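If you want the building blocks of each chain, they are given just below.
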Protein chains: 2
Amino acid sequence: MAGFQSLPGFRDYHPEDFSRRQQVFRVWRSAATAFGFQEYDAPVLEPLDLYKAKSGEEIETQLFSFTDKGGREVSLRPEMTPTVCRMVGEKAGSLKRPIKWFSIAEFYRYERAQKGRLRAFHQLNADIFGEAGPEAEIELIALLIQCLAGFGLTQDDFIIRLSDRNLWFYYLEALGFTAAQIPAVLTVVDRFDKAGAPQVEAFKPYVEKFGPLDQTTKNRVHAFALQSGSNFSEQEILTLWLQDAKPEAREKVSARMADFRKIMDGLADMGLKDFVEMDMMVVRGLAYYTGFVFEAFDRKGDLRALAGGGRYNDLVKKLGGPDLPAVGFAIGDVTTGLLLEQHKKTEPYANAPAVYAVIGGEAARKTAFADIQALRASGVRVEYPFKDLAFGKQFKTASESGAKLALIYGDDELAKRVVKLRDLADRSERDVPHDQVVAVVRDLLSRR
Amino acid sequence: MAGFQSLPGFRDYHPEDFSRRQQVFRVWRSAATAFGFQEYDAPVLEPLDLYKAKSGEEIETQLFSFTDKGGREVSLRPEMTPTVCRMVGEKAGSLKRPIKWFSIAEFYRYERAQKGRLRAFHQLNADIFGEAGPEAEIELIALLIQCLAGFGLTQDDFIIRLSDRNLWFYYLEALGFTAAQIPAVLTVVDRFDKAGAPQVEAFKPYVEKFGPLDQTTKNRVHAFALQSGSNFSEQEILTLWLQDAKPEAREKVSARMADFRKIMDGLADMGLKDFVEMDMMVVRGLAYYTGFVFEAFDRKGDLRALAGGGRYNDLVKKLGGPDLPAVGFAIGDVTTGLLLEQHKKTEPYANAPAVYAVIGGEAARKTAFADIQALRASGVRVEYPFKDLAFGKQFKTASESGAKLALIYGDDELAKRVVKLRDLADRSERDVPHDQVVAVVRDLLSRR
């Protein structure tokens with residue numbers, strides 16, 4: 001029979017691969033825990049309707065969905081957000097606020113596999129429920145930064161771009177767009193190219209739907225999209241671009257800019273100024289965001305987004321729960337892994353026992369087994385040869401294993417009721433009374 | 001819209017549940033690591049044929065299987081064994097032997113949910129490849145014991161039952177059964193009741209297929225099944241029950257009993273005698289086992305099996321890999337969890353920050369943020385209030401949070417360029433110069 005293979009877009013994690021994955025999870029988990037987030041997990045399979053309710057019918061084409069043997073329409077989870085909304089929604093009444101939760105889990109999307117995109121991938125999802133103010137955004141963005149800085153990556157390696165769908169709404173409202181027109185304008189913004197003048201091409205879908213738009217307004221939309229760095233051109237925006245707007249409309253824009261600044265200032269107070277910049281070009285396609293949105297990118301710009309998130313105050317309620325403000329982000333393991341490789345931040349694979357037991361025959365084996373078991377039960381990693389081998393061969397294996405210590409059980413030692421303890425680094429040796437071996441080894445290892 | 005629910009047999013892990021799960025995984029991982037097993041992971045979705053090749057067509061009724069959007073017949077993994085055989089088989093040439101691997105992963109079976117059985121459950125799978133001798137069984141059974149003893153469970157709480165399909169084959173061969181008849185006899189053994197005389201009922205399927213069987217032979221099959229405890233009735237078996245057998249047949253039985261004893265003796269040398277007993281009644285239904293088989297049970301006997309395993313020397317080759325001896329076991333989280341609850345070995349949920357920052361207004365917040373971020377970046381869990389609150393309320397929250405230390409940022413402290421550090425256990429306070437806060441807190445916490 002021919003050998004089997006794993007499915008396209010799915011990964012085998014051989015021990016070396018697994019160890020790299022664990023490094024990523026360890027840094028993420030340690031960051032989320034330090035920030036006071038509680039870890040949860042959830043089913044890998046959910047009712048298909050949960051995803052349709054959040055993202056619409058068309059999501060199904062990207063899902064590993066099927067009908068189970070009980071006739072239920074189900075799907076492998078493509079993301080955590082609807083599930084965590086369901087879970088928090090169910091128990092919202094009994095949970096202390098703010099509710100700060102995180103998970104590290106695998107997700108599945110039926111997409112074309114390409115660089116930085118697989119069909120099965122892991123994400124850390126971190127969310128804050130029950131806090132409507134920008135303090136939650138500060139907390140989350142600081143955590144996202146730590147989820148990358150924790151690997152030793154710096155502001156030269158990655159950047160968080162912050163934008164605000166609310167501010168866009170208020171600004172476009174002040175410019176005179178209607179609630180029906182605004183989503184179409186945001187689609188235009190999503191198509192803007194960083195370089196170049198107000199793009200005629202980009203406005204085409206809007207114009208086709210709502211009719212012609214004067215050049216000044218186009219310029220003002222484009223100019224707002226170009227707001228970036230650490231400060232708005234606030235004076236210019238309020239008095240020049242919005243000169244025709246009603247005072248209340250201008251006030252809404254101004255108040256929202258103050259919230260935006262609060263986030264930027266809070267992060268600056270934390271010493272994270274250089275990790276984050278305003279970029280109003282970011283509008284994030286996902287329609288369910290209701291306020292601030294942010295993305296993390298590598299500075300070189302040759303990778304897909306590292307992470308993305310934002311505020312989604314309506315979703316818990318939409319999925320059947322109470323009215324609960326929410327903000328969250330997800331960071332993925334695939335692009336993070338590529339970035340760590342680029343910057344040589346992946347840890348080498350370590351697979352060394354602490355102790356190697358060298359055993360001289362069957363009688364010695366009986367004695368050795370008691371110590372090996374006692375050491376292992378106390379958490380010390382011990383290896384030994386399954387079969388009787390010559391001492392020379394065993395010492396070679398012991399050295400190659402990377403063990404720090406060798407315990408030598410030979411006839412001479414047996415007769416003297418001792419075990420010879422060899423430090424494999426400096427090759428020093430000493431006899432240890434048999435009944436003290438476990439204590440001596442544990443003590444030596446704890447001192448390193 | 002009505003609230004969504006998780007699918008039957010699938011679990012939500014709220015933080016308290018997640019923490020209980022992590023306790024189980026931590027003990028398992030620590031045991032497997034101390035025994036020198038390397039951790040791996042694998043796809044949650046595999047080609048359906050992989051499971052059919054191992055277990056036959058009929059397995060599909062128990063699987064979450066479906067046709068993916070690319071027309072592939074796929075299945076959520078019901079177990080790890082075929083996958084790890086595929087992975088090890090692919091790279092067998094480059095892996096140092098013995099290959100000792102483990103994983104902790106979730107599996108999915110479309111079965112009726114009941115006590116101790118869910119549709120999604122976790123297992124630790126541990127396997128040794130490349131070692132044909134009983135030394136591998138000793139290592140694995142010792143690990144299995146540690147996977148339960150690591151929780152503080154003792155020989156009074158659980159027991160490993162060891163049996164041997166090879167020994168059964170050799171014994172039945174010596175009694176005169178043919179290779180075609182032996183599997184049918186083992187099916188009979190699987191139906192034996194511990195109590196009672198040679199069961200007429202149990203032999204019925206055999207008799208219907210192969211014709212009548214004399215009472216002496218029935219008695220000898222039944223007597224062999226009753227072999228239990230720590231020693232075979234070896235003299236009786238070889239000279240009395242097998243008196244009509246050929247010497248070579250008796251020799252095979254005798255040699256195999258020596259291997260059996262080697263396992264029992266090895267475990268006894270490790271001090272694990274009371275954790276394991278022979279029980280020839282265990283034949284394990286799964287046809288792919290080729291030698292020793294073992295199961296773990298709670299002593300009270302009111303739970304489903306805790307773990308099961310055995311030798312499967314043919315499977316790697318059957319799945320397209322090289323000829324590679326293998327032995328392994330799986331232990332599940334559902335019954336293990338029930339056992340831990342019964343014996344009150346589950347850890348209480350801990351969710352306390354190390355430090356709570358009490359913040360007296362916006363100016364103080366700026367100062368506090370720098371320290372909070374520095375402490376968190378160094379791995380210290382810090383909480384603070386998102387909003388400005390009265391000091392009294394903040395102290396109450398700090399106490400209730402379970403934090404060890406409070407850092408107090410008030411106007412007085414700001415003016416003096418200090419932070420007040422309060423030990424929340426003994427309520428002692430002292431001023432710490434602002435630039436030393438991080439170092440002082442880290443030092444205090446590391447001493448506890």
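Residues numbered from 1 in each chain as written. Chains lettered and ligands numbered in written order. Predicted model: local features only at pLDDT ≥ 70, side-chain atom pairs only at ≥ 80, totals over all residues. Heavy atoms only, no water.

**Student:** In this structure, what is going on with the pattern of salt bridges? I would like to understand it.
**Tutor:** Oppositely charged side chains can form a pair if their charged atoms are brought close together. By the definition in use, this model includes 75 salt bridges over all chains. A salt bridge links Lys262 of chain A to Glu135 of chain A; its shortest N-O distance comes to 3.1 Å. In this pair, Lys262 of chain A sits in helix H10 (residues 247–269) while Glu135 of chain A sits in helix H4 (residues 135–149), placing the two residues 127 residues apart along the sequence. Of the charged contacts, one joins Asp431 of chain B and Lys420 of chain B as a salt bridge, the two residues approaching to 3.2 Å between their closest N and O atoms. Residue Asp431 of chain B is found in strand S17 (residues 429–433), and its partner Lys420 of chain B is found in strand S16 (residues 418–423); the two are separated by 11 residues along the sequence. Among the charged side chains, a salt-bridge network with shared partners connects Lys100 and Glu139 of chain A together with Arg376, Arg381 and Glu383 of chain B. (Salt bridge = Lys/Arg side-chain N within 4 Å of Asp/Glu carboxyl O. Helix = DSSP H or I, 4+ residues; strand = E, 2+ residues; numbered from the N terminus.)

**Student:** Mind showing me how you'd approach the interface of chain B and chain A here?
**Tutor:** With 92 residues of chain B in contact, the opposing surface of chain A contributes 92 residues. Overall, the association of chain B and chain A removes approximately 7900 Å² of surface from exposure, summing both partners, and the carbon and sulfur fraction of that is 59%. Contact with chain A buries area across many residues of chain B, yet Phe4, Lys69 and Phe386 of chain B alone supply 10% of it, more than any other trio. For Glu131 of chain B, the salt bridge identified is with Lys387 of chain A, shortest N-O distance 3.1 Å. Summed over the shared surface of chain B and chain A, the number is 36 residue pairs in polar contact (both at pLDDT 80 or more). No other element matches helix H1 (residues 15–34) of chain B, which puts seven residues into the side of chain B that touches chain A. Tallied by class, residues from the side of chain B that touches chain A come to 44 nonpolar, 18 polar and 30 charged. (Contact = heavy atoms within 4.5 Å. Buried area = accessible area lost by both parts, 1.4 Å probe. Polar contact = N/O pair within 3.5 Å; in protein donor to acceptor, adjacent residues only side chain to side chain. Nonpolar A, V, L, I, M, F, W, Y, C, P; charged D, E, K, R; others polar.)

**Student:** Where do I start with the nonpolar core in this structure?
**Tutor:** Judged by nonpolar contacts, the single largest core of 105 residues is most densely connected at Leu124, Trp168, Leu172, Val221 and Phe329 of chain A. Top element by residues in this core is H4 of chain A. It accounts for 10 residues. Residues Phe369 of chain A together with Leu167, Val221 and Leu339 of chain B belong to the second largest nonpolar core, which totals 104 residues. (Core = buried A, V, L, I, M, F, W, Y, C linked by side-chain atoms within 4.5 Å. Buried < 20%, exposed > 50% of the residue type's maximum accessible area, 1.4 Å probe, protein only.)

**Student:** Help me understand the domain arrangement of chain A in this model?
**Tutor:** Accessible area lost on assembly of the parts is the figure often given for the size of an interface. When cut into domains, chain A gives domain 1 (15–342) and domain 2 (355–446). A separation of 55 Å is found between the C-alpha centroids of domain 1 of chain A and domain 2 of chain A. (Domains from an automatic or database assignment.)

**Student:** What should I look at first to understand the pairing of strand S13 (residues 355–359) of chain A in this one?
**Tutor:** Regular strands show a simple pattern: their side chains alternate between the two faces of the sheet. All names here are of chain A. Counting buried residues along S13, five of its five residues qualify, which places the element largely inside the surrounding structure. Alternating residues of S13 divide into Val355, Ala357 and Ile359 and Tyr356 and Val358, and every residue in both groups is buried. Pairing geometry for S13 and strand S14 (residues 382–383), over two bridges, is parallel. Across the sheet, residue Val355 finds its bridge partner in S14, namely Val382. Handedness of the crossover joining S13 and S14 through helix H13 (residues 362–377) is recorded here as right-handed. Summarising the sheet, S13 and strand S15 (residues 405–409) pair through five bridges and their orientation is parallel. Following the sheet pairing, Val355 is matched in S15 by Leu405. (Pairing = 2+ DSSP bridges. Right-handed = clockwise from strand over helix to strand, strands pointing away.)

**Student:** Even after reading the chapter, I still don't get the confidence of the model for chain A, so can you show me in this structure?
**Tutor:** Close inspection of predicted coordinates is inappropriate for parts of the model with low pLDDT. With 98% of its residues at a pLDDT of 70 or more, chain A shows a mean pLDDT of 94. With a pTM of 0.96, the predicted complex shows an ipTM of 0.95. (pLDDT = per-residue confidence, 0-100.)

**Student:** Would you explain helix H10 (residues 247–269) of chain B in this entry?
**Tutor:** Count 3.6 residues to each turn of an α-helix, and residues three or four apart come out pointing the same way. Residues and elements named next belong to chain B. Its 23 residues place the ends of H10 32 Å apart at the C-alpha level, agreeing with the 33 Å of an ideal helix rising 1.5 Å per residue. Those residues of H10 that sit buried are Ala249, Val253, Arg256, Met257, Phe260, Ile263, Met264, Gly266, Leu267 and Asp269. Residue Gly271 follows H10 closely and has a positive phi angle near 85°. (Expected span 1.5 Å × (residues − 1).)

**Student:** Whenever I open this one, H1 of chain B confuses me. Can you help?
**Tutor:** The end-to-end C-alpha separation of H1 of chain B is 28 Å, in line with the 28 Å expected for 20 residues at 1.5 Å each. Immediately downstream of H1 of chain B, the backbone of Gly36 of chain B shows phi near 80°, a positive value.

**Student:** So what exactly am I meant to see when it comes to the relation of the copies chain B and chain A here?
**Tutor:** Copy one and copy two of the chain differ by a rotation about a common axis and a shift along it. Under the fitted operation, chain B is carried onto chain A by 0.0 Å of movement along the axis and a turn of 180°, and the coordinates agree to an RMSD of 0.0 Å. One copy is carried onto the other by what is essentially a two-fold rotation axis. Within chain B, Phe66 of chain B has its C-alpha nearest the rotation axis, a separation of 3.2 Å. Looking at chain B, 100% of its interface residues are interface residues in chain A too, so the copies touch through the same face. (Least-squares fit on C-alpha atoms with pLDDT ≥ 70 in both.)

**Student:** It is not clear to me how the sheet that holds strand S16 (residues 418–423) of chain A should be interpreted in this structure. Could you clarify?
**Tutor:** Within a sheet, adjacent strands bond to each other through the backbone by hydrogen bonds, running parallel or antiparallel. The five strands lie next to each other as S14-S13-S15-S16-S17 (chain A), forming an open sheet whose pairing is mixed. Each having just a single partner strand, S14 and strand S17 (429–433) of chain A make up the two edges of the open sheet.

**Student:** What is the right way to look at the packing of helix H4 (residues 135–149) of chain B against H10 of chain B in this model?
**Tutor:** The relative placement of two packed helices is expressed as an angle between their axes plus a distance between the axes. Residue and element names in this part refer to chain B. Two elements in contact, H4 and H10, have axes separated by 9 Å at closest approach and are oriented at 45°. Relative to H10, H4 is oriented oblique. The element H4 and its partner H10 pack so that their crossing is right-handed. Only Lys262, Ile263, Gly266 and Leu267 of H10 make contact with H4, whose side of the interface consists of Glu135, Glu137, Ile138, Ile141 and Ala142. Its residues assigned to classes, the contact of H4 with H10 shows five nonpolar, one polar and three charged. (Axes fitted to C-alpha atoms, helices over the stretch in contact; angles between N-to-C directions. Parallel < 35°, antiparallel > 145°, perpendicular 65-115°, else oblique. Left-handed = near helix turned anticlockwise from the far one by under 90°.)

**Student:** Teacher, can you tell me more about the side chain of Glu413 of chain A here?
**Tutor:** Residue and element names in this part refer to chain A. Take Glu413: it is sitting in helix H15 (residues 411–416). Taking the relative accessible area as the measure of exposure, Glu413 reaches 9% and is therefore buried. A polar contact is formed between the side chain of Glu413 and the backbone nitrogen of Gly410, at a distance of 3.1 Å. With residues near it in sequence (within four places) discarded, Glu413 still touches Ile408, Val418, Val419 and Lys420.

**Student:** Just to check I follow, could you spell out the sheet that holds strand S8 (residues 228–229) of chain B for this structure?
**Tutor:** Residues and elements named next belong to chain B. Taking strand neighbours across the sheet as the criterion, the nine strands line up as S1-S5-S6-S12-S11-S10-S7-S9-S8 in an open arrangement whose pairing is mixed. The sheet is open, and its two borders are formed by strand S1 (38–39) and S8, each paired with just one other strand. Of the pairings in the sheet, the one linking strand S11 (residues 307–311) to strand S12 (residues 326–332) comprises five bridges and is antiparallel in character. Bridge assignment links Gly308 to a residue of S12, and that residue is Ala330. Against the sheet, helix H3 (residues 81–91) engages strand S5 (99–108) and strand S6 (120–129), with an angle of about 40° to S6.

**Student:** Whenever I open this one, the pairing of strand S9 (residues 276–279) of chain A confuses me. Can you help?
**Tutor:** Residues and elements named next belong to chain A. Relative to S9, strand S7 (residues 158–164) runs parallel, the two sharing three bridges. Looking at the pairing, Ile160 lines up with Val276 of S9. Both strand S8 (residues 228–229) and S9 contribute to a ladder of two bridges, which runs antiparallel. Its bridge partner lying in S9, Gly229 is registered against Met278.

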